[in-house]
Amino acid sequence: MICLGIESTAHTFGVGVVNDRGKILSDSRDMFVPKPGKGFVPKELADHHIEFAFKIVDDALKKSSLKLHDLDLIAFSQGPGIPNSLRIGAAAARFLATKFNKPLVGVNHPVAHIEIGKLNTGAKDPIVVYLSGGNTQIIAHVEGKYRVFGETEDIPVGNCFDVVAREISLPYPGGSNIEKFAKNGNYVELPYIVKGMDQSFSGIATAAVKKFKAGVRKEDICYSLQETCFAMLTEVTERAMAHTEKKEVLLVGGVAANKRLQEMMNKMCEERGAKMFVVDENFSGDNGTMIAWTGLLQYSTEKKQTKDTSIKQNWRTDEVKTIWI
Ligand code: ATP
Ligand code: FE2
């Protein structure tokens, strides 16, 4: 069985083609990049996705040497995300499914990040640390669902990095530039905010910007921001492992690419006799492949298409019944 998956929850319009043995036949995507100093404007995202939707579908098909008739299934990211963005992917998916008479399944975006991470790394039953611009969640699979054990109380950690990067004049994407500058930094104190299993990053962002405006070097801001945020996340991840007795950690989402985060999590895992996995950089950011693969998992067990294909802006990870596990 072969599935074409469409991702469009936020900045990226992505299409992936995957078969039911987990072989990736193609991956194509284009990311909307806002003008320097600007954030995302939903209308601009929608315009971008409209412009690229069928170019990316065509490109993914061409790279896989397949035609639409050869596909068995269409999957799309149904939520959560920015409504203007989600709608374009959903519309493209509905169009293809109807025109070529293929079954259509809606996929939960965070669950797709987890499933591509497991496929890509071979992790079986990990504590999932999902860190991106839109999400910060510590997740474990318990009793038929991916349950959220801890999350941010305010802004996601990737967003915290992006906000600080913008304020200290580092270009987008903020996280990778923060990582670069952190290499030559020293520690200055920033607030460390963990409440139970939840974390808060907005106070840290504000404090970091304030220190920069008071004359602290960019490098020191970047270093301290990473040290503080990643220590908080490692602490909470360790507690989730102790509580669930799981022996694996899987880092997914755009921030998973950060080498310092990987180093800190890996040290914690080694001390506990556990194993750390990191999703490959090619699949840590938003992509259509993860949607295609999760669509296949869903459809191969459920054997039916999604009845209501309207977008689910606030669809939570723990609302999905993971019948394929
Ligand atoms: P989601 O929709 O799942 O929330 P997203 O829209 O934020 O995802 P991703 O591509 O998963 O998209 O993640 C992008 C985020 O990852 C940005 O906030 C970016 O700053 C951050 N990021 C990317 N590379 C790094 C890095 N090396 N270190 C830290 N953060 C990084
Ligand atoms: Fe994402």
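Residues numbered from 1 in each chain as written. Chains lettered and ligands numbered in written order. Predicted model: local features only at pLDDT ≥ 70, side-chain atom pairs only at ≥ 80, totals over all residues. Heavy atoms only, no water.

### Things to note about the sheet that holds strand S6 (residues 127-131)
Okay, step 1: Spatially, five strands are ordered S8-S7-S6-S11-S12 in an open sheet, and the strand pairing comes out mixed. A single partner strand is all that each edge strand has here, and the edge strands are strand S8 (145-151) and strand S12 (275-278). Direction aside, the axes of adjacent strands within the sheet are offset by 25 degrees on average.
Okay, step 2: The pairing of strand S7 (residues 136-142) with S8 spans six bridges and is classified as antiparallel. (Pairing = 2+ DSSP bridges. Helix = DSSP H or I, 4+ residues; strand = E, 2+ residues; numbered from the N terminus. Axes fitted to C-alpha atoms, helices over the stretch in contact; angles between N-to-C directions.)

### Describing the coordination of the iron ion (ligand 2)
Okay, step 1: Donor atoms from the polypeptide that coordinate the iron ion (ligand 2) comprise His109 (NE2), His113 (NE2) and Asp286 (OD), at 1.9 to 2.1 Å from the metal.
Okay, step 2: The buried category is assigned to His113, whose relative accessible area is 2%.
Okay, step 3: Taking the relative accessible area as the measure of exposure, Asp286 reaches 13% and is therefore buried. (Donors = N, O, S within 2.8 Å, 3.2 Å for Na, K, Ca; no water. Buried < 20%, exposed > 50% of the residue type's maximum accessible area, 1.4 Å probe, protein only.)

### What to know about the domain arrangement of the chain
Okay, step 1: For the chain, the assigned domains read domain 1 (2-113 + 283-319) and domain 2 (124-280).
Okay, step 2: Its C-alpha centre places domain 1 at a distance of 27 Å from the equivalent point of domain 2.
Okay, step 3: Of the residues lining the interface, 16 residues belong to domain 1; the matching set on domain 2 comes to 15 residues.
Okay, step 4: Summing both partners gives a buried area of about 1300 Å² for domain 1 against domain 2, and 60% of it is carried by carbon and sulfur.
Okay, step 5: For the pair domain 1 and domain 2, the number of links is one salt bridge.
Okay, step 6: Connecting domain 1 to domain 2 are four residue pairs in polar contact (both at pLDDT 80 or more).
Okay, step 7: Broken down by secondary-structure element, the contributors of at least two residues to the side of domain 1 that touches domain 2 are helix H3 (109-121) and helix H9 (281-284). (Domains from an automatic or database assignment. Contact = heavy atoms within 4.5 Å. Buried area = accessible area lost by both parts, 1.4 Å probe. Salt bridge = Lys/Arg side-chain N within 4 Å of Asp/Glu carboxyl O. Polar contact = N/O pair within 3.5 Å; in protein donor to acceptor, adjacent residues only side chain to side chain.)

### Overview of the packing of aromatic side chains
For any pair of aromatic rings, the description consists of the separation of the ring centres together with the inter-plane angle of the planes.
Okay, step 1: Scanning the model with the defined rule gives three aromatic pairs in all.
Okay, step 2: Between Phe54 and Phe95, the ring centres sit 5.7 Å apart and the planes meet at 75 degrees, which makes this aromatic pair edge-to-face. With Phe54 in helix H1 (residues 42-64) and Phe95 in helix H2 (residues 83-99), this pair connects stretches of sequence that are 41 residues apart.
Okay, step 3: On the basis of relative accessibility, which here comes to 38%, the residue Phe54 falls in the partly exposed class.
Okay, step 4: Above the ring of Phe52, the side-chain terminus of Lys55 is found at 5.1 Å from the ring centroid. (Phe/Tyr/Trp six-rings, centres within 6.5 Å; stacked < 30°, edge-to-face > 60°. Lys NZ or Arg CZ within 6 Å of the ring centre and 35° of its normal.)

### Side note on the sheet that holds strand S4 (residues 73-79)
Okay, step 1: Taken together, five strands build an open sheet; the order of strands is S3-S2-S1-S4-S5 and the sheet is mixed. Each end of this open sheet is capped by a strand with a single partner; those strands are strand S3 (24-31) and strand S5 (104-108). Strand-to-strand, the axes of this sheet are offset by a mean angle of 20 degrees, without reference to chain direction.
Okay, step 2: When S4 meets S5, the two strands line up parallel, connected through five bridges. Across the sheet, residue Gly79 finds its bridge partner in S5, namely Asn108.
Okay, step 3: Its contacts with the sheet place H1 against strand S1 (2-7), strand S2 (12-19) and S3, and it is angled at close to 160 degrees to S3.
Okay, step 4: Along the sheet, H3 makes contact with S1, S4 and S5, crossing S5 at roughly 85 degrees.

### Let's talk about the site of ligand 1
Okay, step 1: Near ligand 1 you find 24 residues, and of these Tyr130, Ser132, Gly133, Asp162 and Glu179 are the closest.
Okay, step 2: Measuring from an oxygen atom of ligand 1, one finds a side-chain N or O atom of Asn135 at 3.1 Å.
Okay, step 3: Separating an oxygen atom of ligand 1 from a side-chain N or O atom of Asp286 is a distance of 3.3 Å.
Okay, step 4: If ligand 1 stood free it would expose 640 Å²; the protein chains cover 90% of that surface.
Okay, step 5: Listing elements by their share of the shell around ligand 1, those giving two or more residues are H3, helix H4 (157-167) and helix H5 (174-182).
Okay, step 6: By residue number, the principal contributor to the shell around ligand 1 is H5, which donates four residues.
Okay, step 7: Of the residues in the shell around ligand 1, the class split is four nonpolar, 17 polar and three charged.
Okay, step 8: Counting residues domain by domain, the shell around ligand 1 receives three or more from each of domain 1 (2-113 + 283-319) and domain 2 (124-280). (Near = heavy atom within 4 Å. Areas by Shrake-Rupley, 256 points an atom, 1.4 Å probe, with all protein chains shown as cover. Nonpolar A, V, L, I, M, F, W, Y, C, P; charged D, E, K, R; others polar.)

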